[in-house]
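In case you want the letters, here they are:
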Amino acid sequence: MTQAQLAERAPVASTAPLLSVRDVSVVFGGIIALNGVSFDMQQGHILGLIGPNGAGKTTLFNCLSRLYQPSKGDILMNGETILNRPAHKISEIGIGRTFQNVALFPNLTVRDNVRVGKHARTNSDIISDSLKLPWVRKGEADINKDVNNILDYLDLHHVADTIVSGLPFGTQKRVELARALAAEPKILLLDEPAGGLNHEEVYILGDLIRRIRDDRGVTVLLVEHHMGLVMSIADHVVALNFGKKLAEGTPAAVQKDPAVIKAYLGDKDS
């Protein structure tokens, strides 16, 4: 058998997506918020989800994090549906998120907020914790080590014991990101992470998101209005408008799509 024939018979490497959105629709009291949206997200990619206000981005994001239940369709992770899981169980399969409006515990320290994220992946219970059983003590030591590593990674160690409410907004955003990373997500959902940040902070954020993907092997889905950020870091972009998928492809291709230019980026001739 020739080398060419052997090559034809060789198994093809799997390119199965990490996350699949399949024909997802959401209807609120007769209003169609999402209408048959489908796309795949490959492992290790940064996917940007864009669209004007009311396009359905947040609705889809909330379906992915299980705050909303689709009226139709399915969402698969590694080929298995996630729609049978409540929101508080979604971190167990490796999905973490941040929020457009920072959702931290304002009266806790930075360290304790990050510990909350870490505890989402532990098996301890209130009885074991109160009795301070040996396995709980070891688990706490491991948690403290991981939390310290994350604080160092995101340059938060100098404010680790500071109450969150007294920190600048940009720093609070990093604390929320640290809490999400503490749960060791496979997929990180970022909801408008550039909101409220200045130009320099947005540049630093873009570099940080790429670094998280590269260093920690985390796949990222980014919902963002800041087009410069999305187009500079995303591997793949999905554009929505009026609940439907408008365009999909590389940042360059989506940026040039006439429908996207008209709906979101603005028509140059208008």
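On a predicted model such as this, the values are computed, not experimentally measured, just so you know.

> Quick rundown of helix α6 (residues 169–182)? Include the residues and the values.
Relative to the 20 Å expected for 14 residues at 1.5 Å per residue, α6 spans 20 Å between its end C-alpha atoms, a close match to the ideal helical length. Counting buried positions along α6 yields 12 of 14 residues, so the element is predominantly enclosed.

> Explain a nonpolar patch on the surface to me, and be specific about the residues and the numbers.
Side chains of F28, I31, L67 and Y68 sit close together on the surface and give an oily, nonpolar patch of about 390 Å² of accessible area. Relative to the helices and strands, Y68 is located in the loop between α2 (57–64) and β4 (72–77). Take Y68: its relative accessible area is 30%, and that puts it in the partly exposed class.

> Explain the packing of aromatic side chains residue by residue, including any values.
Considering all chains together, one arrives at 1 aromatic pair under this definition. With 5.3 Å between their ring centres and 75° between their planes, F28 and Y68 make a pair best called edge-to-face. A residue pair is termed long-range when its members are at least 10 positions apart, and F28 in strand β1 (residues 19–28) and Y68 in the loop between α2 and β4 qualify at 40 residues. The side chain of R97 reaches across the aromatic face of F99, ending 4.0 Å from its centre. Above the ring of Y153, the side-chain terminus of R211 is found at 5.0 Å from the ring centroid.

> Talk me through the nonpolar core; I want residue IDs and the actual numbers.
Membership of the largest hydrophobic core comes to 45 residues, with the highest contact counts inside it found for I50, V110, V114, L154, L177 and I209. Both domain 1 (17–94 + 185–270) and domain 2 (109–184) contribute no fewer than three residues apiece to this core. Residues within four places of I209 in sequence aside, it is in contact with I46, L190, V220, L222 and I233. F39, I82, I93 and L189 belong to the second largest nonpolar core, which has 30 residues in total.

> Report on the side chain of K173, specifying residues and quantitative values.
Tracing the backbone through its elements, the reader meets K173 in helix α6. Buried charge without a partner: K173 forms no salt bridge, and the closest opposite charge is E176, 6.0 Å away. Aside from chain neighbours lying at most four places away, what touches K173 is F99, Q100, V102, E192, P193 and G195.

> Go over the pattern of salt bridges, please, and point to the residues and values.
Enumeration over the complete set of coordinates arrives at 12 salt bridges. Ionic pairing is found between D191 and R97, a salt bridge with its closest N-O pair at 3.4 Å. With D191 in strand β7 (residues 187–191) and R97 in strand β6 (residues 95–97), the pair connects residues that are 94 residues apart, well separated along the chain. R97 matches D191 in its accessibility class, with the two residues each being buried.

> Describe the pairing of strand β3 (residues 46–50), naming the residues involved and giving the relevant values.
In terms of burial, β3 is a largely internal element, 5 of the 5 residues being buried. Alignment of β3 against strand β8 (residues 219–223), held across 4 bridges, turns out to be parallel. What sits directly across from G48, in β8, is L222. In terms of strand pairing, β3 meets strand β9 (residues 236–241) through 4 bridges, oriented parallel. Bridge assignment links L49 to a residue of β9, and that residue is V238.

> Mind laying out the sheet that holds strand β2 (residues 31–41), listing which residues take part and the relevant values?
Read from one edge of the open sheet, 4 strands run β2-β1-β4-β5, paired in antiparallel fashion. The open sheet has two edge strands, β2 and β5 (80–81), and neither has a second partner. Inspection of the sheet shows β1 paired to β2 by 7 bridges, in the antiparallel sense. Looking at β2, one finds that V24 is bridged to V37. Where α2 meets the sheet, its contacts fall on β1, β2 and β4, and the angle it forms with β1 comes to roughly 120°.

Criteria and cut-off values
Residues numbered from 1 in each chain as written. Predicted model: local features only at pLDDT ≥ 70, side-chain atom pairs only at ≥ 80, totals over all residues. Heavy atoms only, no water. Helix = DSSP H or I, 4+ residues; strand = E, 2+ residues; numbered from the N terminus. Expected span 1.5 Å × (residues − 1). Buried < 20%, exposed > 50% of the residue type's maximum accessible area, 1.4 Å probe, protein only. Patch = residues over 30% accessible without salt bridge, like charges linked within 9 Å, V, L, I, M, F, W, Y side chains within 5 Å. Areas by Shrake-Rupley, 256 points an atom, 1.4 Å probe, with all protein chains shown as cover. Salt bridge = Lys/Arg side-chain N within 4 Å of Asp/Glu carboxyl O. Phe/Tyr/Trp six-rings, centres within 6.5 Å; stacked < 30°, edge-to-face > 60°. Lys NZ or Arg CZ within 6 Å of the ring centre and 35° of its normal. Core = buried A, V, L, I, M, F, W, Y, C linked by side-chain atoms within 4.5 Å. Domains from an automatic or database assignment. Contact = heavy atoms within 4.5 Å. Lys, Arg positive; Asp, Glu negative; His and termini not counted. Pairing = 2+ DSSP bridges. Axes fitted to C-alpha atoms, helices over the stretch in contact; angles between N-to-C directions.

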